[in-house]
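Residue-level structure breakdown
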Amino acid sequence: MSIDPRVALGSLTAALEEHLVAAASRRGDDDPSVEAAYFAVADAFEAYSDALYDAYGEDLPIDLLEDGDEQES
């Protein structure tokens, strides 16, 4: 059973807001709350991307970088 894309989008928006809060209140380079918020955004993004594709056959114009992917400067 697929999740409704609007529900998934709401979860992604909430995860992004939580990440902002965690980043703004960071307590050092290895703050676990920032790391947890980062992974929550990634998970919510994947869920939204999947829900959007399942419901409408539509892809997003952005992708997540996987570990080992090189980022261009």
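Attention here is on the structure that accompanies the text. Worth saying up front: this structure is predicted, and the values here are computed from it rather than measured.

We now examine the packing of helix H1 (residues 5-24) against helix H2 (residues 32-56). Where H1 meets H2, the closest approach of the two axes is 8 Å, and the angle between their N-to-C directions is 160°. Between H1 and H2, the angle falls in the class roughly antiparallel. With respect to the hand of their crossing, H1 and H2 are arranged in left-handed fashion. Residues that form the contact of H1 with H2 fall into these classes: 21 nonpolar, 3 polar and 1 charged.

Here the structure, examined in full by the defined rule, presents 1 aromatic pair. Both rings, one in Tyr-38 and one in Phe-39, keep their centres 5.2 Å apart while their planes meet at 90°; by these two values the pair is edge-to-face.

About the thresholds
- Within each chain, residue numbers correspond to sequence positions counted from 1 in written order.
- Local features in a predicted model are, by the rule used here, given only for residues with pLDDT of at least 70; side-chain atom pairs are given and counted only at 80 or more, and totals for whole chains, interfaces and linings are based on all residues.
- Side-chain numbers come from the whole structure's heavy atoms, not from hydrogens or water.
- Axis lines are fitted through C-alpha atoms, for helices just across the contact stretch, and the angle between N-to-C directions can take any value from 0 to 180 degrees.
- Secondary structure elements are defined from DSSP: runs of H or I of at least 4 residues count as helices, runs of E of at least 2 residues count as strands, and each element is numbered from the N terminus.
- Oblique is the label for every angle not falling under 35 degrees (roughly parallel), over 145 degrees (roughly antiparallel), or within 65 to 115 degrees (roughly perpendicular).
- It is the rotation of the near helix from the far one that decides the hand of a crossing: anticlockwise by less than a right angle makes it left-handed, clockwise makes it right-handed.
- Residue classes follow a fixed rule: Ala, Val, Leu, Ile, Met, Phe, Trp, Tyr, Cys and Pro count as nonpolar, while Asp, Glu, Lys and Arg count as charged, and any other residue, Gly among them, counts as polar.
- Aromatic pairs are defined between Phe, Tyr and Trp rings, using the six-membered ring for Trp, whenever the two ring centres lie within 6.5 Å; interplanar angles under 30 degrees are classed as stacked, those over 60 as edge-to-face, and all others as tilted.

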